[in-house]
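# An overview of the molecular structure
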Amino acid sequence: MTERLDGQVALVTGGGRGIGRAIGEALAAAGARVALAARSGDELAELVAAVEAGGGVARGWALDVTDLGAVTGVVGEVEAALGPVTLLVNNAGTAQEPGPLWEVDPDGWWRDLEVHLRGAFNCCRAVLPGMVARRRGRVVNIGSLVGARDEPYVSAYACAKAAYFRLTGTLAAETAGHGVTVLCVSPGLVRTRMVEESLLGESGRRWRPQIAAIPPGEYTPAGRVADLLVRVAAGDADPLSGRFLHAEDDLDELLADAERVIAEDLLTLRLRERPGG
């Protein structure tokens with residue numbers, strides 16, 4: 001990557017492993033000071049040590065993103081230690097075992113919604129006042145095409161990701177005059193621990209066998225979305241604020257077509273109304 005992010009401060013939730021780890025490493029390698037938040041302190045400590053060994057700047061915070069008080073406190077600590085947050089990446093999420101809605105655990109179903117949506121709300125609520133006041137900032141919600149499709153047996157995850165479409169669009173509209181960009185970005189199907197435990201576990205193989213049948217070489221590398229996030233942090237995708245991007249997209253092609261994307265209201269979740277109805 002040629003982009004440099006010197007002077008930027010990124011807060012990445014779910015940053016201890018998988019996609020969050022890849023994003024944190026890429027941002028730090030590009031010069032950003034990176035705050036990594038996750039539930040596992042051990043994973044964070046290992047990652048911070050690896051980033052620093054490579055010459056980057058990173059700090060880790062054990063955090064439950066569903067706790068607004070804890071999130072507000074961590075954001076304050078991040079800004080005291082590293083500086084004002086210029087990029088928030090809402091990556092924290094869970095996916096309970098797949099299955100029909102009437103069979104899954106109700107508490108687990110709602111937990112998926114809470115981690116995704118309450119977590120993103122809490123983090124946005126904590127960082128946006130500063131971004132708006134400084135008239136500078138970017139928010140990325142890590143979404144999924146599952147949120148735009150009728151995918152069976154993953155209703156909680158699908159509802160959570162669908163909510164990210166709306167959160168992205170409404171926040172982009174609210175912050176449009178304040179120098180803030182908001183995007184929803186899908187990493188594609190990355191073979192993370194969450195995927196292995198959920199979709200590739202016993203229940204996943206029962207209810208979503210097509211995922212289990214995907215050869216390992218056909219999964220999307222986590223580095224692909226990490227590279228995209230570096231470009232987002234550098235401001236390359238600002239003209240597409242409020243829109244949905246995919247790690248498999250050619251960002252330069254999308255930017256060349258940005259006028260049409262906005263004019264025709266593409267790359268977002270909309271109701272297709274019946275003509276004349």
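To be clear, the structure that these remarks concern was listed above.
Keep in mind the model is a prediction, meaning the values are calculated, not measured. (Residues numbered from 1 in each chain as written. Predicted model: local features only at pLDDT ≥ 70, side-chain atom pairs only at ≥ 80, totals over all residues. Heavy atoms only, no water.)

### Re the overall build of the protein chain
Short version of the rule: The secondary structure listing takes helices from DSSP runs of H or I that are at least 4 residues long and strands from runs of E that are at least 2 residues long, numbered from the N terminus. Two things to know: the radius of gyration comes from C-alpha atoms, and the globule rule equals 2.2 Å times the number of residues to the power 0.38. For every residue, the accessible area (1.4 Å probe, protein chains only) is compared with the maximum for its type, and the residue is labelled buried under 20%, exposed over 50%, or partly exposed between those bounds. When checking whether two residues touch, look at their non-hydrogen atoms; a contact exists if any pair is within 4.5 Å. Accessibility throughout is a Shrake-Rupley quantity obtained with a 1.4 Å probe, and a residue counts as covered only by protein chains that appear here. A residue counts as positive if it is Lys or Arg and as negative if it is Asp or Glu; His and the chain ends are not included. In this description, the location of a charge corresponds to atom NZ of lysine, CZ of arginine, CG of aspartate or CD of glutamate.
Across its full length, the protein chain carries 11 helices and 7 strands. In terms of overall dimensions, the protein chain is globule-like: its C-alpha atoms have a radius of gyration of 18 Å, near the 19 Å expected for 277 residues. Evaluated residue by residue, the protein chain yields a buried proportion of 51% over its 277 residues. Sequence-distant contacts in the protein chain: of pairs separated by 6 or more residues, those separated by 24 or more amount to 69%. Of the accessible surface of the protein chain, which amounts to about 13000 Å², a share of 51% is contributed by carbon and sulfur atoms. Charge centroids of the protein chain, computed over 28 positive and 37 negative side chains, lie 3 Å from each other.

### Brief notes about the packing of aromatic side chains
Note the threshold: In this scheme Phe, Tyr and Trp rings, the latter by its six-membered ring, pair at centre separations within 6.5 Å, and the angle between planes marks the pair as stacked below 30 degrees, edge-to-face above 60, and tilted otherwise.
This model, assessed by the stated rule, comprises 2 aromatic pairs. Between W109 and W110 the ring centres are 5.0 Å apart and the planes differ by 75°, which places this aromatic pair in the edge-to-face class. On the basis of relative accessible area, W109 is assigned to the buried category, the value being 16%. For W110, a relative accessible area of 57% puts it in the exposed group. Residues F165 and F244 carry aromatic rings whose centres are separated by 5.0 Å and whose planes lie at 20° to one another, so their mutual orientation is stacked. Within this pair, whereas F165 is found in helix α5 (residues 155–175), its partner F244 is found in strand β7 (residues 244–246), the two being separated by 79 residues in sequence. The same class applies to F165 and to F244, which are both buried.

### Thoughts on the sheet that holds strand β6 (residues 180–186)
Backbone hydrogen bonds are what pair the strands of a sheet, in a parallel or an antiparallel way. Just so we agree on the cut-off: Any two strands with at least two DSSP-identified bridges between them are counted as paired. An axis is simply a line fitted to the C-alpha atoms; with a helix, the fit covers only the stretch in contact. Between two such axes, the angle follows the N-to-C directions and lies from 0 to 180 degrees.
Reading across the sheet, the 7 strands line up as β3-β2-β1-β4-β5-β6-β7 and stay open at both edges, with parallel pairing between neighbours. Here the strands that pair on one side only, and so sit at the sheet edges, are β3 (57–62) and β7. With strand direction ignored, the average angle separating the axes of adjacent strands in the sheet is 20°. One ladder, built from 3 bridges, connects β6 with β7; its direction is parallel. Among the inter-strand pairings, V185 is bridged to a residue of β7, identified as L245. The strands touched by α5 within the sheet are β4 (87–90), β5 (137–142), β6 and β7, with β6 carrying the most contacts at an inclination of about 165°. Packing against the sheet, helix α9 (residues 222–233) makes contact with β4, β5, β6 and β7, and its axis sits at approximately 170° to β6.

### What to know about the nonpolar core
Which entries qualify depends on this criterion: Working definition of a nonpolar core: buried Ala, Val, Leu, Ile, Met, Phe, Trp, Tyr and Cys residues. They are joined through side-chain atoms within 4.5 Å.
Membership of the largest hydrophobic core comes to 42 residues, with the highest contact counts inside it found for I23, L27, V34, L36, V185, L240 and L245. Residue contributions to this core peak at 8 residues, all from α9. The residues contacting I23, other than those within four sequence positions of it, are V12, V89, I142, V225, A226 and L229. Of all hydrophobic cores here, the second largest spans 32 residues; its members include A35, V65, L128 and L167.

### So, unusual backbone geometry
Positive phi is not limited to glycine here, since R135 has a value of about 55°. Among the secondary structure elements, R135 is positioned in the loop between α4 (106–134) and β5. Positive phi, close to 60°, is recorded for L267, a residue that is not glycine. By the secondary structure assignment, L267 is in the segment after α11 (258–263).

### As for the environment of S186
Within the secondary structure layout, S186 lies in strand β6. Note: C-alpha distance between S186 and D67 (119 residues apart in sequence) is 25 Å. Apart from the residues lying within four places of it in its own chain, the contact partners of S186 are G143, S144, L145, V225, F244, L245, H246 and A247.

### Thoughts on helix α2 (residues 41–53)
Each α-helix turn comprises 3.6 residues. Residues three or four places apart therefore point the same way. Basically, it comes down to this: Expected span of a helix: the number of residues minus one, times 1.5 Å.
The end-to-end C-alpha distance of α2 is 18 Å, a good match for the 18 Å that 13 residues give at a rise of 1.5 Å each. Where α2 is buried, its residues touch α1 (18–29), β2 (33–38), β3 and α6 (193–197). Positive backbone phi, at 95°, marks G55, one or two positions downstream of α2.

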